[in-house]
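Remarks on the overall topology
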Amino acid sequence: MAYFYTEDDVHIYYKETGDKNGRPVIVLHGWNSTHAMFDNLLSGMADYRCIALDFRGVGRSSLPTSGVSMGRLARDVEELILHLGLSEVTLIGYSMGASVLYKYIELFGTARLYKTIICEMSPKLLNDGDWDQGLGQGTEKPMDNILAAEQMFDDYPAFFRDFNMKHNPALAKLPEAVLDNMFVGMLAPNTDYVAAAFYLSFLLQDYRPMLHKIDVPTGIFFADPGSVYQPKTAYYLEEKIPAKTKVVIFAGCTHLFGLEKPDLFLKEVRAFMAEDM
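Residues numbered from 1 in each chain as written. Predicted model: local features only at pLDDT ≥ 70, side-chain atom pairs only at ≥ 80, totals over all residues. Heavy atoms only, no water.

A closer look at the nonpolar core
Taken as a class, soluble globular proteins show a tendency for nonpolar side chains to be buried jointly. To keep things clear, this is the line we draw: Buried Ala, Val, Leu, Ile, Met, Phe, Trp, Tyr and Cys residues that are joined via side-chain atoms within 4.5 Å together make up what is termed a nonpolar core. Accessibility here uses a 1.4 Å probe with only protein chains present; expressed as a share of the type maximum, an area under 20% marks a residue as buried, one over 50% as exposed, and anything in between as partly exposed.
In this structure, I26, L28, W31, L91, Y102, F198 and L237 are the most contacted members of the largest nonpolar core, which totals 67 residues. With 24 residues, the next largest nonpolar core counts L42, C50, I117 and C253 among its residues.

Considerations on the environment of D215
Defined as follows: Numbering of helices and strands starts at the N terminus; helices are DSSP runs of H or I of at least 4 residues and strands are runs of E of at least 2. We call two residues contacting when some pair of their heavy atoms lies within 4.5 Å. In the analysis that follows, any N or O atom pair within 3.5 Å is treated as a polar contact, provided that within protein one partner can donate a hydrogen and the other can accept it, and provided that, for residues neighboring in sequence, both atoms belong to side chains.
With respect to the element layout, D215 can be found in the loop between α7 (192–203) and β7 (218–225). Counting along the chain gives 102 residues from D215 to L113, while the straight-line C-alpha distance between them is 9.6 Å. If we ignore the near neighbours within four places in the chain, the residues touching D215 are T110 and A243. Within the structure, D215 has its side chain in polar contact with the side chain of T110 (distance 2.5 Å).

Some words on the packing of aromatic side chains
Formally: The aromatic pairing rule takes the rings of Phe, Tyr and Trp, using the six-membered ring of Trp, and pairs them if the centres are within 6.5 Å, calling planes under 30 degrees apart stacked, those over 60 edge-to-face and the rest tilted. Criterion for a charge above a ring: Lys NZ or Arg CZ within 6 Å of the ring centre, and within 35 degrees of the ring normal.
Applying the stated criterion across every chain, the model contains 23 aromatic pairs. Look at Y102 and Y207: their rings are 4.9 Å apart centre to centre, the planes differ by 35°, and that puts the pair in the tilted class. One end of the pair, Y102, is in helix α3 (residues 96–108); the other, Y207, is in the loop between α7 and β7, and 105 residues separate them in sequence. The pair formed by Y102 and Y207 is uniform in burial state, with each residue classed as buried. On the numbers, 6.4 Å between centres and 75° between planes, the contact of F221 with F265 is edge-to-face. Pair noted here: F221 is in strand β7 and F265 is in helix α10 (residues 262–274), with a separation of 44 residues, a long-range link. Looking at F221, the relative accessible area reads 0%, which means it is buried. An aromatic cluster of three or more residues is present, and its members are W31, Y156, F159, F160, F163, F183, Y199 and F202. Over the ring of F272 we find K115; its NZ or CZ atom is 4.8 Å from the centre of that ring.

Below is the structure:
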């Protein structure tokens, strides 16, 4: 197991696999998840130098008393890159991890990057009169999203279960006992106040003004029909990002396409990584 200390003295866990001399890949996990969500993907990327971290306050990383925002997570990624002396890094962000990816480029640019892959994350989550590509596939009301944070602080396990059942309909097919065990396992590595703070932070971001800064080749992976976001957002990103892009739509999938079709996810990641763009 490997750790490093951030400038604000938080102990961050990261796991390295693959070829130490391969091109570096850093994977950024989703909300209420850990580095382990990428275990299957990275097992098929032995020719790359793969690094998977637990964000602060999550899994094996230490609990901070402050600094639980997308900006701070992006700084942690920059500090990890500097700690390991990396260059030409490919960043892969899934859901909230893609929010951290956006924020990283907003703050630090792309000088240390080679490629990026954005998985299932709209650049703006709150819907309004001029934007219908946020949460709930563009249907949820902003104040309801904001008030959800209060529910998290009141009873986070109940909120998390309801949220996931609503946004990931495929879960309804699982037996109740399996769901019970699954949610216990998913909640175990996370602390309520950290998860709620992360939620509020990525909820309030609007990355549309920074998309022009993404000037490295970028994969844009979305699900169809999806369950949290809409596949049309992939094409919005394709239009706004000035770099060469590749849109990959995972047909018949929800927000959890990486779990629903892990072999296809691996295949598409490897294909994008191999492309000369």
